[in-house]
Amino acid sequence: DCIGPAVKGGLQVLVVAHGNSLRALCKYLEDMSNEEVLDLNIPTSVPLVYELDERLDFVRKYYLMDPDEVAQKMKAVALQGSVQQGSAPAGITPRQMQQQYALDMNLEPPMERFKYLLVPQLARGTCFTKQERRSLGLEGLLPPVVEEMDRRAGRWEAML
């Protein structure tokens, strides 16, 4: 209702959102499979530009940052996911990776529950069930509503 008409009208639109919301939007814009979106590592605080044609079909995307810096930031996001999957690089324990990630994110070890809100491969925002919120220590950190991921993606689709 908002984004699509603005783009069709020739305006440039700035979307600022949580990582998983951005991933859902990228999935929709690029018509990605579920498997492809799992490998999508969007670096934090790096503007990502999408160019669309007159029918709002994807043309190209690029980051507004030096490509080498973007590659490093994307690697850091991917590394965050490997911490959770137990695939630490040779000579580094998964615990060391977790501790380094906590330092990189300025999180002390008791604050590790926030990884479920900050690590793109883990964060699901309002899609965490009430039981998951309790078991992960997320109660009170998210809005009370619980929604399905398809519904969230549908909201983004409707905005286009």
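Residues numbered from 1 in each chain as written. Predicted model: local features only at pLDDT ≥ 70, side-chain atom pairs only at ≥ 80, totals over all residues. Heavy atoms only, no water.

Observations concerning the overall build of the protein chain
Assigned secondary structure in the protein chain consists of eight helices and two strands. Per-residue burial over the protein chain gives 32% buried out of 160 residues. Counted over contacts in the protein chain with a minimum sequence separation of 6, partners at least 24 positions apart contribute 39%. For the protein chain, the computed accessible surface area is about 10,400 Å², with 54% contributed by carbon and sulfur atoms. (Helix = DSSP H or I, 4+ residues; strand = E, 2+ residues; numbered from the N terminus. Buried < 20%, exposed > 50% of the residue type's maximum accessible area, 1.4 Å probe, protein only. Contact = heavy atoms within 4.5 Å. Areas by Shrake-Rupley, 256 points an atom, 1.4 Å probe, with all protein chains shown as cover.)

Section: the pairing of strand β2 (residues 58–63)
In terms of strand pairing, strand β1 (residues 48–52) meets β2 through five bridges, oriented antiparallel. Across the sheet, V49 pairs through a bridge with Y62, a residue of β2. Between the antiparallel neighbours β1 and β2 lie five residues, among them L56 with a positive phi of about 70 degrees. (Pairing = 2+ DSSP bridges.)

Description of unusual backbone geometry
Even without glycine at this site, D31 takes up a positive phi of about 55 degrees. Mapped onto the fold, D31 is located in the loop between α2 (19–30) and α3 (34–38). What makes D31 exposed here is its relative accessible area of 67%. In this structure, L56 takes a positive phi of about 70 degrees despite not being glycine. One can find L56 in the loop between β1 and β2.

Regarding the environment of R155
On the secondary structure map, R155 appears in helix α8 (residues 149–159). Through-space distance from the C-alpha of R155 to that of L25 is 9.6 Å; in sequence the pair is 130 residues apart.

Overview of the environment of V13
For V13, the location among the structural elements is in the loop between α1 (3–8) and α2. The sequence separation of V13 and Y50 amounts to 37 residues, and the corresponding C-alpha distance is 9.8 Å. Setting aside its immediate chain neighbours within four residues, V13 contacts I3, A6 and V7.

Remarks on α2
Helical periodicity: at 3.6 residues per turn, an α-helix aligns residues three or four positions apart in one direction. Compared with an ideal rise of 1.5 Å per residue, which puts 12 residues at 16 Å, α2 spans 16 Å between its outermost C-alpha atoms and is within 8% of the ideal. Within the span of α2, buried status applies to N20, S21, R23, A24, L25, C26 and L29. Structurally, α2 contributes buried residues whose contacts are with α3, β1, β2 and α8. Two residues or fewer after α2 comes D31, characterised by a positive phi angle close to 55 degrees. (Expected span 1.5 Å × (residues − 1).)

A look at the side chain of E147
Relative to the helices and strands, E147 is located in the loop between α7 (130–136) and α8. A distance of 2.5 Å separates the side chain of E147 from the side chain of T126, its partner in a polar contact. Once you skip the residues sitting within four places of it in the chain, E147 turns out to touch T126, C127, R152 and R155. (Polar contact = N/O pair within 3.5 Å; in protein donor to acceptor, adjacent residues only side chain to side chain.)

Some remarks on the packing of α2 against α8
Helix packing for two helices is described by the angle between their axes and how far apart those axes are. The contact between α2 and α8 brings their axes to 9 Å, and the two run at 65 degrees. Along this stretch, α2 crosses α8, giving a crossing that reads as right-handed. Counted together, N20, S21, A24, L25 and Y28 of α2 and R152, W156 and E157 of α8 form the full contact between these two elements. (Axes fitted to C-alpha atoms, helices over the stretch in contact; angles between N-to-C directions. Left-handed = near helix turned anticlockwise from the far one by under 90°.)

Observations regarding the pattern of salt bridges
With the rule as written, the count across this model stands at five salt bridges. With a closest N to O distance of 3.0 Å, E51 and R60 form a salt bridge. For R124, the salt bridge identified is with E132, shortest N-O distance 2.4 Å. Here E132 falls in the partly exposed class, since its relative accessible area comes to 27%. (Salt bridge = Lys/Arg side-chain N within 4 Å of Asp/Glu carboxyl O.)

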